[in-house]
Each structure stands twice: as C-alpha cells, then as structure tokens.
Amino acid sequence: MLLLLLPLLGALVSAVEVKRPRGVSLTNHHFYEESKPFTCLDGSATISFDQVNDDYCDCKDGSDEPGTSACPNGRFHCTNAGYRPQYVPSSRVNDGICDCCDTTDEYNSGVVCENTCKEMGRKERETLQQMAEVAREGFRLKQALIDEASKGREEKQGKLAELQEGKKSLEEQVETLKTHKEAAEKPEKEAVEIHQKAWDGECPPAPPALGRIERERGGSSCRFAAGSPLAESLGREGRIGGTLDPNPLGPALVQVPLPKKPPHKATGEEPEEKMPPYDEATQALIDGRSLKMSLEKEISFDFGPLGEFAYLYGQCYELTNNEYIYRLCLFNRVSQKPKHGGSETNLGTWGSWAGPEDQKFSVMKYEHGTGCWQGPNRSTTVSV
Amino acid sequence: FSDKVSSTVVSMWDKIKNVFSPASVGLDFSFPGVEHVYGIPEHADSLRLRTTEGGDPYRLFNLDVFQYELYNPMALYGSVPVMLAHNPQRTLGIFWLNAAETWVDITSNTAGKTLFGKMLDYMQGGGETPQTDVHWMSESGIIDVFLLLGPSPNDVFRQYTSLTGTQALPPLFALAYHQSRWNYNDEDDVAGVDNGFDEHDIPYDVIWLDIEHADGKRYFTWDSNKFPRPREMLQRLAAKKRKMVSIVDPHIKVDSGYRVHNEIRSRGFYIKTKDGSDYEGWCWPGSAGYPDFTNPEMRAWWASMFAYDQYEGSLDNLYTWNDMNEPSVFNGPEVTIHKDAVHHGGWENRDLHNLYGFYVQMATAEGQVQRSRGAERPFVLTRAFFAGSQRYGAVWTGDNAAEWDHVKISIPMCLSLGLVGISFCGADIGGFFKNPESELLVRWYQVGAYQPFFRAHAHLDTVRREPWLFGDENKGLIRAAIRQRYALLPYWYTVFYRSYRTGQPVMRPLWVEYPQDVATFSIDDQYLIGDALLVHPVTEEGARGVQIYLPGKGEVWYDVGTQQKHHAPQTFYMAVTMSSIPVFQRGGSIVVRKERVRRSSECMRSDPYTLYVALSPQGTAQGDLFIDDGHTFNLESKAQYLHRRFSFSGNTLTASSADPKGSFESPAWIERVVILGAGKPAAVFLKETETRLGFQHEAETSVLTLRKPGINIGADWSISLR
C-alpha cells in the first residue's frame with residue numbers, strides 16, 4: 001500500500017537525525033540500508049529494500065516489517081524520548097490503542113494519542129528517588145534489628161546453657177521424689193504438652209512491619225471455604241493489603257505493610273488446675289524443660305542471614321475486611337475467621353522461606369491449612 | 001416459535017383446559033427404514049440417540065443438575081423437543097411442541113444386532129426392514145406435532161427454523177475468546193487479568209463477572225466494596241476494545257430495601273403459589289422470588305431494567321449472562337420450582353416449565369436491544385433453553401467437570417443442539433468443577449477454539465487458571481489455540497451468517513454434509529464447521545495420535561497444519577503432539593482468515609484478509625465471506641453488509657458479490673492468497689490492472705502463495721495463473 005511506503009522515504013522519529021525505517025531501533029539501523037537489498041536478520045531471505053515496511057511479511061523472523069503489523073512475530077521499536085525506549089509486539093501497531101508513550105505505534109489507525117513520555121519520565125524519576133530514600137532508611141533499621149537479634153541470640157544461648165546446668169541437679173532431686181509421684185506422672189505429661197502449646201502461641205511485643213498475605217496452594221492460589229462467598233475485597237488471589245508504613249527492611253520491601261496493631265496474646269489455654277500441684281523440684285524441672293524446648297525451637301528458626309527477622313517471632317497481626325478477620329502469627333500460623341461469627345479456618349502453619357533464589361527472604365510460606373472443597377489444602381504466602 | 005404457532009396453542013388450550021383437568025399426552029411414531037435418530041437435547045450423551053429399552057427414557061425437564069452424569073438420558077438444563085431421523089435416502093424431523101415435562105422412549109428392531117446378524121437375516125430372506133420406534137409422552141398439554149419432511153438435512157433445518165427462527169447473528173466479539181471464572185473478585189482483579197492477557201500477548205475479548213460482583217446477589221447492583229466504580233472499569237476495558245459480561249439471574253432477593261424486588265412485588269410480577277401468594281424459594285441470595293417471565297408485561301418491565309439509567313454502572317460494552325433459569329430453586333423438588341406454582345393466565349408451572357428459561361433470555365436480549373434504541377445486536381448467554389432459544393443468543397452445557405470425559409462429551413452435546421437450531425453452543429473450558437491438569441486444560445482450549453461459544457470458566461473453589469499460570473510451554477500452547485480462533489473469525493462469522501439465513505447448524509455432524517455415507521452416521525468425535533473445515537480435536541489423555549475419517553468419495557482434504565493433501569474416503573492414524581489440533585480443509589473450498597491476530601477482535605476490524613483456496617481434484621474451489629460492522633442491526637435495517645463470493649476454476653480466481661442487495665465500506669484488503677494443491681505457474685496476474693503478482697511455490701506440498709494482491713475486500717477482481 002502506497003500509504004505505508006511513505007514512511008520509508010522521510011518520516012523519521014527523533015530530532016537526532018539518524019535515518020532509519022519506522023520501528024527500527026538505533027542499534028539496529030545499520031541493518032536497514034536503503035541503497036542495498038535487505039537480508040532478513042535471521043538470514044532466511046534477501047528482498048529488495050522497497051519490500052521493507054511495505055505491509056507484507058516476507059521474513060520468517062518478521063524483521064522486514066519493523067514498522068507495520070504485517071508479521072505475527074515482529075516487534076516495533078518506540079524511541080519514547082524523555083522516558084525509556086521500548087519494543088511492542090507488531091500486533092499493536094495501528095490497532096487503535098496507544099501503546100508507546102511517544103504515540104509512534106499509532107500512525108495510521110485514526111486514533112489520536114497523546115505523547116506522555118515526559119510526564120512518565122518525570123514520575124519515574126520521582127519514584128526512584130523515593131525508593132532510594134526508603135532504601136536508605138531501611139538499611140539503617142535493618143542494621144539495628146540485626147544487632148538486636150544477635151544480642152538476643154547470645155542471651156538465649158546463655159540462658160540455655162544455664163538451664164542445662166541446673167537441669168542436672170534438679171534431676172537428681174526429682175529421682176528421689178519420683179517414687180511418690182507415680183500417680184501424677186500421666187497428668188504431668190499432659191500438662192507439659194498443653195503448656196508447650198500455650199507457650200508457642202504467645203506473642204511477645206515487637207515493632208510491626210509486614211507485607212501482603214497471599215493465600216495459595218502449591219504455587220497457585222486457593223479459594224475460600226465452600227459455600228462462603230468469594231474473597232471479595234481481598235483482591236486477586238486472595239491478597240490482603242494494608243496501609244503504607246515506612247518500611248524498615250530495605251529496598252526489597254517497598255510493599256504494603258499491614259496496619260499497626262498491638263500484638264495479641266494467642267488463645268492460651270492454661271494447664272488444668274485440678275491436678276495436685278507438683279512438688280517444687282518437679283515443677284522446676286518441668287518449667288525448665290519447656291523453657292529449654294521453646295528456646296531451642298526459637299534458636300532453630302531461620303530468621304534471615306543475619307537474624308534481621310528475629311524481632312517478628314511470635315508477633316501477631318490482624319486484618320479485617322468486610323467479611324473476614326485474618327490473623328497472622330509470624331513463624332507460627334495464619335487463620336481466617338468470619339466477621340459475623342462462625343468457626344476459624346486454618347490457612348496454614350509456618351513452613352519456610354519461599355522467595356526466588358536470589359530473594360529467598362522476600363516470601364514466607366505457611367502450609368497445610370484446612371483443605372479446600374474438592375481441592376488442595378489452604379496455604380498462605382506472605383510477601384515481606 | 002412463531003407467534004402464529006403459540007397463539008394457536010394458547011387458544012386451543014384455553015378451550016381444552018376448561019373441559020379437562022391436566023392429563024398426560026403421548027404418541028408413538030415409527031420410522032421404517034431408519035436406524036439413526038438424533039436430537040432431543042439436552043443430554044450428556046452420544047450424538048446418535050441410543051435405544052432406551054431396559055432403561056430410563058430420555059427426559060426433557062429443565063433442571064439445575066449438580067455434577068451431571070455422562071452417557072445418561074437424565075434431564076439437564078434445557079429442552080428442545082425435536083428429533084431428527086436419518087437414513088441414506090431421507091432425513092425427517094419431529095417437533096413435539098410441548099413445554100411440560102416430556103419423556104422420549106426409543107426402540108429399534110436392529111438394536112443389539114451385529115452386522116453379521118443383520119446379513120444373516122437378509123440372506124435368509126426373513127430380515128425385516130430396520131425400523132426405529134419412538135414414544136413421546138408429556139405430563140400435560142395437547143398433542144401438537146410438526147412433521148418435518150425433509151428430504152435432505154438442509155431441508156429439515158429450513159423447515160424447523162421457519163417455525164422457531166434461525167440462529168441470531170451474534171456480535172462479532174461474541175465469537176471471540178471469553179475469560180470467565182466464579183469470580184473475578186474486584187476491580188483490581190479484573191484489571192490484573194486484563195493486563196495479564198496483554199503482558200502474555202494472548203488475545204481475548206470479554207471478561208465475565210459471576211454472582212459475587214453484585215451487592216448480596218442483588219442483580220442489577222454492584223458490591224460497593226469490590227466494584228465501587230463499575231463505569232470506570234468498563235471504560236478501561238473499552239479503551240482496549242474489550243467487553244464485559246455480568247450475570248443477571250432470575251431469582252430476586254426478597255428484601256424490602258431492594259428496588260427490583262419491590263417493583264416486581266408491587267406490580268404482581270412474581271410467580272405465585274397455588275394459594276395465590278408470591279412464590280418464594282431458596283437460591284444464591286437466600287430467600288428469593290421468581291419473576292414470571294411468561295407474562296409479557298413482566299418481560300417488558302425486565303427489558304426496561306437494562307436501560308443505562310436503570311442498571312446503574314452499566315455501559316454499552318456490558319452484556320448479560322442468565323444463569324439458574326430452569327429455574328433453580330435450592331429447596332424445591334429436584335432443585336426447581338414446584339409444579340403447582342401458578343404463572344400468568346393461571347397456567348401451572350407443570351404446563352410450561354421448559355419455557356421459563358427461554359423467556360428469561362428473550363426478555364434480557366430485548367432489554368439490550370432497547371437500551372441502544374434498537375441499534376445494537378444483543379449478547380446474552382443462557383443455561384436453560386427451549387425450542388427457539390437460538391433467536392436470543394448463546395447457550396453453554398452448564399456445570400461440567402475437569403475430566404477427560406467431559407471435554408469429549410462437549411462435542412456431541414453441541415452437535416445435538418446445532419441439529420435443533422441452537423448453533424451458538426460451548427462448554428466451560430477447563431471444566432467448571434475440579435482442577436484440570438495442564439494437559440487437560442491445553443486440550444480443552446484446543447477443543448473450545450473450534451466450538452462456537454469459546455469461554456473458559458471455573459468454580460469458586462478451583463485454583464486460578466488463567467492461561468499463563470501453567471508454565472511457558474502450556475501458555476504458548478493455549479495462546480496458539482486462541483490465536484487460531486482469532487485468525488478464523490472471518491470464517492466463523494460467515495458460517496454464522498449462513499446459519500442465520502438458512503438454519504443450518506454452524507457446527508455440524510459429518511452426516512449432514514455426507515448424508516449417504518453410512519460410515520458417518522455415528523461419528524461424534526469429529527465434526528464440521530460450516531462445510532469446509534473438518535475438526536477432530538484430541539480428547540484423550542496422553543494421546544499420541546487420533547483415528548481420522550475423511551469422508552467424500554473422490555474428494556481431497558488438506559491438513560491445515562501441514563497443508564498436506566489426503567484422499568477421501570479414508571480412515572487413517574494421525575500422529576499428534578501437544579500442539580496438534582487436527583483440522584482439515586475440504587478440497588473445493590475457500591476459507592478466509594485474518595492472520596494478524598491482535599489483542600481483541602475489534603482491533604482486527606481493518607486488517608487485511610488471507611484467502612485459503614483448497615483445490616478439488618478437478619482444480620476448482622468456492623467460498624464466501626460475510627462482513628458488516630460486526631455489532632449493529634444495520635445489516636437488516638440498512639442493508640449495510642458485504643457478502644462476497646470467491647471461486648476458482650480454469651486457473652482463475654474470481655471475486656464477485658454473492659448478494660448485490662448489500663453494500664458496506666470496509667478498509668480491509670487482501671494481503672495474501674494461498675492456493676493448496678496448485679502447480680507452479682509461470683506468472684500470476686491481477687487481471688484488472690494487468691499487474692504481475694509475486695508468488696512462492698512449495699513443490700513438495702503444492703502450495704502456491706500469492707504475494708499482496710492489495711485489492712479492497714469489496715472490489716470485484718480476478719487473478720489468473722499462467
């Protein structure tokens with residue numbers, strides 16, 4: 001078509017005059033020499049130059065039609081002066097929709113596009129500046145948290161050693177009393193278990209900062225309980241969003257933290273009171289044992305390469321939308337409860353860090369929640 | 001059905017009803033010389049109806065069936081009481097015009113006999129003529145039967161659609177790809193999915209919102225948390241030339257704060273109980289009333305609700321889905337309304353049950369026409385249907401499951417519907433219930449791309465399954481299937497236009513085109529789109545190949561993928577990979593495509609065409625192309641359309657008008673002509689201008705590609721090979 005041949009002759013894109021056919025990038029322009037036959041970039045054919053951008057696809061790789069929609073696999077280069085250059089699929093050339101901010105992809109479709117490159121460039125620079133600011137602040141906070149974590153770890157290890165010491169002498173004492181306590185042994189065991197649970201659920205205070213929660217199963221998301229209407233205001237894939245806080249954890253975390261909330265005590269069941277109390281020595285042993293276990297457990301958690309996530313251990317957050325109350329207890333479990341009564345649904349218990357290889361600590365995975373109807377078990381992905 | 005028919009029925013009924021109380025009616029029909037009967041949808045069964053001896057008869061009673069069973073005569077969502085009987089000499093039809101619960105028994109004197117047994121009978125001279133007997137029975141009503149005498153299949157289609165109407169010509173976008181699930185959760189979700197298609201460069205035209213979009217399942221409203229700005233959302237879609245469909249079901253929440261309910265109640269438009277109070281049942285919103293769509297005043301009021309100022313937040317790119325219109329009543333008998341519920345004019349539901357869904361879709365489609373003051377063609381999807389529903393839009397096969405048998409059954413289910421007028425049929429791609437493995441999902445897209453209504457849909461509790469969630473390889477396979485659909489849209493649209501004019505099914509069993517070839521009579525794993533494309537989708541897990549039957553003595557077929565020529569008739573094994581969709585173009589046909597696939601069908605409006613000319617052994621071919629603006633009634637009201645004819649003979653390809661009454665300006669032109677089965681010419685000329693055209697010839701496959709004729713699609717021209 002004549003109309004489409006015209007661009008070859010003169011219509012050039014930018015003010016910096018490098019003569020090149022429509023849709024060709026500066027780096028590629030030397031492949032397109034008007035005086036010579038054109039060889040497809042994959043070498044598959046050589047055609048006369050007037051067949052370049054003549055709105056008919058001659059090259060298997062689409063390289064003869066950089067400026068038209070003729071080739072199914074072609075791409076169109078927009079310079080986008082003021083923003084950044086971009087390739088769009090050839091199928092978006094003259095389809096009536098503005099794709100390039102410099103409007104060059106719509107030259108013959110009748111649609112009038114507005115050049116938005118300058119504006120976009122300005123916005124991008126602003127955003128980058130803000131991100132840099134946040135990153136600086138984040139690194140500062142991160143360092144503080146790391147220091148705190150390593151201090152805490154030392155303390156706990158010290159305490160553990162102490163307990164180890166004390167345990168031995170207590171055990172001796174207990175041995176002498178044990179014969180008198182045969183009857184109490186079974187209830188004691190139960191009590192230990194219950195106590196253990198209670199301890200695990202407890203939520204010591206610490207500063208809040210968290211990302212989004214995404215509910216998933218094995219890589220793709222899982223729906224809400226059968227019969228319960230959809231994730232409504234949750235957003236795509238059951239995403240929970242909160243308000244924006246300055247983020248303390250560095251540039252990977254320019255995400256949306258949950259709203260501030262005082263940490264909650266997990267629903268703690270006290271050990272049953274009905275049993276006869278243990279003698280002091282046994283009680284001390286039991287207490288020591290469970291304290292030891294929980295300390296060991298805490299120390300065993302992966303709180304990041306430098307322990308910078310240790311401060312989140314045991315913290316709980318809640319998010320309420322118009323239908324559910326979501327509760328996230330870090331390194332423990334996630335649950336969902338209908339706002340207007342009804343039973344709680346387990347959305348997963350702490351599994352592991354599950355980010356991509358280079359950002360392992362950007363995603364937490366909580367697994368093995370209640371099963372979906374006809375589907376997999378619920379699970380939750382937390383983006384930090 | 002036509003007004004004439006219905007008014008006859010009503011007046012006769014009025015007389016009878018005064019005399020008799022409801023009583024069942026029945027009649028036997030015998031088809032001497034017939035061994036194959038078809039039709040009476042909707043059943044999840046083979047195309048060829050089975051004999052029902054020793055089992056239940058085929059049942060026609062519109063029901064919301066939870067997880068339906070396959071190869072079973074149980075009633076499903078819709079009913080069309082039309083049966084076709086066919087043998088090599090003749091095709092006949094029975095239209096049993098009765099909307100009450102209906103049962104059809106089929107017996108045959110050859111059922112169960114082997115070919116050897118039949119031959120033995122014949123040798124001994126004692127063989128009786130094969131005969132199929134059918135017994136029709138309805139719970140109430142009169143015997144009102146139309147015998148459609150054929151004699152050819154196309155005659156039967158013409159006769160039947162002269163009674164009930166032909167398939168409405170859908171707006172072009174409705175033939176493109178639809179992306180649905182229960183539910184896209186909110187405006188962000190919609191935007192994310194919409195962007196996903198662009199990001200992954202997959203075309204789609206329509207995104208669907210299921211029941212969760214409304215405020216507490218109050219249809220015609222939006223949940224203000226999830227969809228606070230529906231018009232802006234619709235405008236964003238419109239900017240990409242895309243559409244949306246929202247669900248509007250016929251159960252209305254009983255809630256004195258809900259305007260729709262208050263109006264229907266105060267106007268007395270609800271179906272009544274036998275005691276005269278408003279009938280209430282349990283459905284998605286809780287307690288619900290059921291508007292009486294058999295009442296013309298109710299339908300007129302309902303239609304008025306689709307006006308832009310009544311349906312707040314709606315725009316002209318919002319279309320409608322009528323689900324649950326059997327009607328579904330969760331706490332009713334068989335999950336539907338009580339038979340003694342009373343409709344307009346005192347009719348009990350038992351008398352007209354199967355018509356309810358028909359009227360729901362009718363009123364909705366009418367509303368869409370009215371909101372544009374009669375300018376725009378409507379698009380409405382319905383689950384329940386009756387004879388004549390083809391006039392109002394599309395149907396789908398309801399709540400299927402992510403199982404291989406379900407993808408397979410979608411073919412005979414849609415073929416059966418096409419035979420009785422309803423061409424615009426599809427099945428939920430991927431399966432509604434359960435989660436498809438990626439292989440099943442890919443295969444289902446490949447099947448759906450070659451069925452008339454092409455929509456992916458999924459249950460609330462299934463894992464998300466947008467096409468890009470299954471890895472790059474599967475994404476590529478799904479994208480390729482969807483792109484094949486878009487490239488073929490000009491052909492689909494033309495076949496729909498022919499169906500609109502003639503009543504012929506869009507998707508048709510082989511025997512419709514080869515009525516004398518007994519080998520085709522029971523085939524329902526392959527079919528034709530129009531008369532030029534034969535499709536045999538892969539529906540087996542782990543398939544390495546498929547058995548293809550190519551019909552037509554002395555004909556040839558061209559594999560659309562490899563352009564290889566095959567002689568017919570023959571059965572052969574075709575090896576397949578995951579990317580294979582076995583499609584064959586009939587020798588002697590011309591299929592027109594648009595090979596520049598864009599992000600939506602509307603973006604392709606001005607794009608150029610490629611003609612695929614598949615030569616017959618005699619070196620001839622013919623085809624046509626219908627074009628209009630793709631969305632208005634101007635084809636009728638202003639004769640604004642082009643119907644082009646292309647024919648090839650004597651080494652000359654000619655374009656002419658197939659219908660001089662129509663005229664339409666299109667900027668589209670012809671970019672390429674591909675001639676399958678052609679020798680290498682010395683030169684190719686566009687005759688009008690004596691311009692030489694460039695060409696390429698592949699000797700191995702005998703494919704000749706003519707480069708850029710560049711002529712406008714509306715022009716008359718001829719190209720000669722010399």
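Keep in mind that this is a model prediction, so the values were computed, not measured.

(A) Main features of the overall build of chain A. Counting its regular elements, chain A contains four helices and 13 strands. Sorting the 384 residues of chain A into buried and exposed places 42% on the buried side. Nonlocal contacts in chain A, meaning residues at least 24 apart in sequence, comprise 49% of its contacts between residues at least 6 apart. A total of about 20700 Å² of accessible surface is found on chain A, and carbon and sulfur atoms cover 54% of it.

(B) Region of interest: the state of the cysteines. Residues and elements named next belong to chain A. Scanning the entire structure with this criterion turns up seven disulfides over all chains. Each sulfur of the disulfide joining Cys 57 and Cys 71 lies 2.1 Å from the other. A torsion of 110 degrees about the S-S bond marks the disulfide between Cys 57 and Cys 71 as right-handed. Residue Cys 57 is located in the loop between β2 (46–47) and β3 (75–78), and its partner Cys 71 is located in the loop between β2 and β3; the two are separated by 14 residues in the primary sequence. The pair Cys 57 / Cys 71 is uniform in exposure class, with both members buried. Through a disulfide, Cys 101 is tied to Cys 117; the S-S separation comes to 2.1 Å.

(C) Quick peek at the UniProt feature "domain: Glycosyl hydrolase family 31 C-terminal" (unreviewed entry) in chain B. The sites that carry the UniProt feature "domain: Glycosyl hydrolase family 31 C-terminal" (unreviewed entry) are, in the present numbering, residues 503–591 of chain B. As annotated, residues 503–591 of chain B comprises 4% helix and 38% strand, and the C-alpha atoms at either end are separated by 20 Å.

(D) Layout of the UniProt feature "domain: Protein OS9-like" (unreviewed entry) in chain A. The UniProt record marks residues 314–372 of chain A with the feature "domain: Protein OS9-like" (unreviewed entry), using the residue numbering of this structure. In the segment residues 314–372 of chain A, helix accounts for 0% and strand for 53%; the C-alpha atoms at its two ends are 27 Å apart.

(E) Summary view of the environment of Met 578 of chain B. Residues and elements named next belong to chain B. Along the chain, the position of Met 578 falls in the loop between β26 (570–575) and β27 (583–586). For Met 578, a relative accessible area of 25% gives the class partly exposed. In sequence terms Met 578 and Asp 144 are 434 residues apart; their C-alpha atoms lie 50 Å from each other. Setting aside anything within four residues of it in sequence, one finds Met 578 in contact with Glu 439, Val 442, Arg 443, Gln 446 and Leu 477.

(F) Quick peek at the sheet that holds strand β13 (residues 280–283) of chain B. Taking strand neighbours across the sheet as the criterion, the three strands line up as β12-β14-β13 (chain B) in an open arrangement whose pairing is antiparallel. Since the sheet does not close on itself, it has two edges, and those belong to β12 (252–253) and β13 of chain B, each with one partner.

(G) The confidence of the model for chain A, seen in detail. Taken over all residues, the pLDDT of chain A has a mean of 76, while the share at 70 or more is 71%. Confidence drops under pLDDT 50 across residues 1–15 of chain A; counting only partners more than four residues distant or on other chains, this segment forms 26 contacts.

(H) Main features of the pairing of strand β29 (residues 609–614) of chain B. Residues and elements named next belong to chain B. Where burial is concerned, most of β29 is hidden: six out of the six residues are buried. Covered by surrounding structure in β29 are Tyr 609, Leu 611 and Val 613 together with Thr 610, Tyr 612 and Ala 614, the residues of both alternating faces. Note that β29 and strand β33 (residues 670–676) share six bridges and pair parallel. Bridged to Tyr 612 within β33 is Val 674.

(I) Representation of the confidence of the model for chain B within the structure. Residues and elements named next belong to chain B. Taken as a whole, chain B shows an average pLDDT of 95; of its residues, 95% reach a score of 70 or greater. In this model residues 1–8 is a low-confidence stretch, pLDDT under 50, and it forms 12 contacts with partners more than four residues away in sequence or in other chains. Confidence estimates for the predicted assembly give a pTM of 0.82 and an ipTM of 0.91.

(J) Just the nonpolar core, in detail. All names here are of chain B. One finds Tyr 177, Phe 220, Met 244, Trp 302, Phe 379, Tyr 445 and Tyr 450 to be the most contacted residues of the largest nonpolar core, which totals 147 residues. Ranked by residues supplied to this core, first place goes to helix α13 (residues 489–502) with eight residues. Sequence-distant contacts of Tyr 177, that is, excluding residues within four places in its chain, are made with Phe 197, Pro 203, Tyr 204, Asp 205, Val 206, Tyr 445, Phe 454, Ala 456, Ile 482 and Tyr 486. One finds Ala 614, Leu 653, Ile 675 and Leu 693 within the second-largest nonpolar core, a separate group that totals 36 residues.

(K) Summary view of the pattern of salt bridges. Residue and element names in this part refer to chain B. Per the stated rule, a full pass over the model turns up 66 salt bridges over all chains. In this structure, the salt-bridge partner of Arg 483 is Asp 201, at a minimum N-O distance of 3.1 Å. Remark: Asp 201 occurs in the loop between α4 (187–199) and β10 (206–209) and Arg 483 occurs in helix α12 (residues 471–487); sequence separation between them is 282 residues. Residue class for Asp 201 comes out partly exposed when judged on its relative accessible area of 21%.

(L) The packing of aromatic side chains, seen in detail. In the structure shown here, the tally under the stated rule is 60 aromatic pairs over all chains. An angle of 65 degrees between the planes, with centres 5.1 Å apart, marks the rings of Phe 220 of chain B and Phe 306 of chain B as edge-to-face. With Phe 220 of chain B in the loop between β10 and α5 (230–239) and Phe 306 of chain B in the loop between α7 (296–304) and β15 (318–322), this pair connects stretches of sequence that are 86 residues apart. Each member of the aromatic cluster is reached from another via a ring pair, and the members are Phe 301, Phe 303, Phe 309, Tyr 313, Phe 331, Trp 350, Trp 353, Phe 361 and Tyr 366 of chain A. For the cation-ring pair, Lys 339 of chain B lies above Phe 61 of chain B, with the distance from its terminal atom to the ring centre recorded as 4.8 Å.

(M) Just the packing of helix α10 (residues 404–419) of chain B against helix α11 (residues 438–448) of chain B, in detail. Residue and element names in this part refer to chain B. Contact geometry of α10 with α11 gives a least axis separation of 10 Å together with a crossing angle of 5 degrees. The angle between α10 and α11 falls in the class roughly parallel. Contacts from Trp 404, His 406, Val 407 and Ser 410 in α10 reach Glu 439, Leu 440, Arg 443, Trp 444 and Val 447 in α11. Each residue belonging to the contact of α10 with α11 can be placed in one class, and the counts come to five nonpolar, two polar and two charged.

(N) Structural view of the domain arrangement of chain B. All names here are of chain B. We note that the domain assignment places domain 1 (25–164), domain 2 (511–586) and domain 3 (589–721) within chain B. Here the C-alpha centroids of domain 2 and domain 3 sit 25 Å apart. Taken together, the 10 residues of domain 2 in the interface contact 14 residues of domain 3. Around 940 Å² of area is buried between domain 2 and domain 3 when both sides are counted, 56% of it from carbon and sulfur atoms. Contact with domain 3 buries area across many residues of domain 2, yet Tyr 558, Gln 563 and Gln 585 alone supply 58% of it, more than any other trio. Linking domain 2 with domain 3 are zero salt bridges. Connecting domain 2 to domain 3 are five residue pairs in polar contact (both at pLDDT 80 or more). Among the residues making up the side of domain 2 that touches domain 3, the classes are represented as five nonpolar, four polar and one charged.

(O) Quick peek at α5 of chain B. Residues and elements named next belong to chain B. Residues of α5 that are buried include every one of Pro 230, Met 233, Leu 234 and Leu 237, and no others. Projected down its long axis, α5 carries its buried residues within an arc of 95 degrees, all on one side. On its buried side, α5 packs onto α4, β10, β11 (243–247) and β15. With its phi angle positive at about 60 degrees, Lys 241 sits one or two positions after the end of α5.

(P) Focus on the sheet that holds strand β5 (residues 90–96) of chain B. Residues and elements named next belong to chain B. The antiparallel open sheet is built from four strands, whose spatial order is β2-β4-β5-β8. Strands with a single pairing partner mark the edges of an open sheet, and in this sheet they are β2 (36–39) and β8 (145–148). Averaged over all adjacent pairs, the angle separating strand axes in this sheet is 20 degrees, with direction ignored. Taken together, the six bridges between strand β4 (residues 82–87) and β5 define a ladder with antiparallel strand orientation. Residue pairing across strands places Ala 85 opposite Leu 92, the latter belonging to β5. Where helix α3 (residues 153–164) meets the sheet, it contacts β4, β5 and β8, and its direction lies at approximately 20 degrees from that of β5.

(Q) Highlighting a nonpolar patch on the surface. Together, Trp 282, Trp 284 and Phe 330 of chain B give the surface a local cluster of nonpolar side chains, amounting to about 300 Å² of exposed area. Following the sequence through the fold, Trp 282 of chain B ends up in strand β13.

(R) Quick peek at the packing of α7 of chain B against helix α9 (residues 356–371) of chain B. Residue and element names in this part refer to chain B. Interaxial distance between α7 and α9 falls to 7 Å at its minimum, and their mutual angle equals 45 degrees. Taken together, α7 and α9 sit at an angle that is classed as oblique. Pair α7 / α9 crosses with right-handed handedness. Here Arg 299, Trp 302, Ala 303 and Ser 304 of α7 come into contact with α9, specifically with Tyr 359, Val 360, Met 362, Ala 363, Thr 364, Glu 366, Gly 367 and Gln 370. Residue composition of the contact of α7 with α9, by class: six nonpolar, four polar and two charged.

(S) Quick look at the side chain of Lys 475 of chain B. Mapped onto the elements of the fold, Lys 475 of chain B is located in helix α12. With near-sequence residues (within four places) excluded, Lys 475 of chain B lies in contact with His 200, Ile 202, Pro 467 and Trp 468 of chain B.

(T) Broad picture of unusual backbone geometry. All names here are of chain B. Here the amide bond leading from Pro 41 into Glu 42 is cis, since omega sits at 20 degrees, within 30 degrees of zero. Of note, Glu 42 is situated in the loop between β2 and β3 (58–60). In this structure, Pro 569 follows Ala 568 across a cis peptide bond, with omega equal to -5 degrees. Mapping Pro 569 onto the fold places it in the loop between β25 (565–567) and β26.

Rules and cut-offs
Residues numbered from 1 in each chain as written. Chains lettered and ligands numbered in written order. Predicted model: local features only at pLDDT ≥ 70, side-chain atom pairs only at ≥ 80, totals over all residues. Heavy atoms only, no water. Helix = DSSP H or I, 4+ residues; strand = E, 2+ residues; numbered from the N terminus. Buried < 20%, exposed > 50% of the residue type's maximum accessible area, 1.4 Å probe, protein only. Contact = heavy atoms within 4.5 Å. Areas by Shrake-Rupley, 256 points an atom, 1.4 Å probe, with all protein chains shown as cover. Disulfide = S-S within 2.5 Å. UniProt positions renumbered as here; feature names shortened; annotations may be inferred. Pairing = 2+ DSSP bridges. pLDDT = per-residue confidence, 0-100. Core = buried A, V, L, I, M, F, W, Y, C linked by side-chain atoms within 4.5 Å. Salt bridge = Lys/Arg side-chain N within 4 Å of Asp/Glu carboxyl O. Phe/Tyr/Trp six-rings, centres within 6.5 Å; stacked < 30°, edge-to-face > 60°. Lys NZ or Arg CZ within 6 Å of the ring centre and 35° of its normal. Axes fitted to C-alpha atoms, helices over the stretch in contact; angles between N-to-C directions. Parallel < 35°, antiparallel > 145°, perpendicular 65-115°, else oblique. Nonpolar A, V, L, I, M, F, W, Y, C, P; charged D, E, K, R; others polar. Domains from an automatic or database assignment. Buried area = accessible area lost by both parts, 1.4 Å probe. Polar contact = N/O pair within 3.5 Å; in protein donor to acceptor, adjacent residues only side chain to side chain. Arc of directions from axis to C-beta. Patch = residues over 30% accessible without salt bridge, like charges linked within 9 Å, V, L, I, M, F, W, Y side chains within 5 Å. Left-handed = near helix turned anticlockwise from the far one by under 90°.

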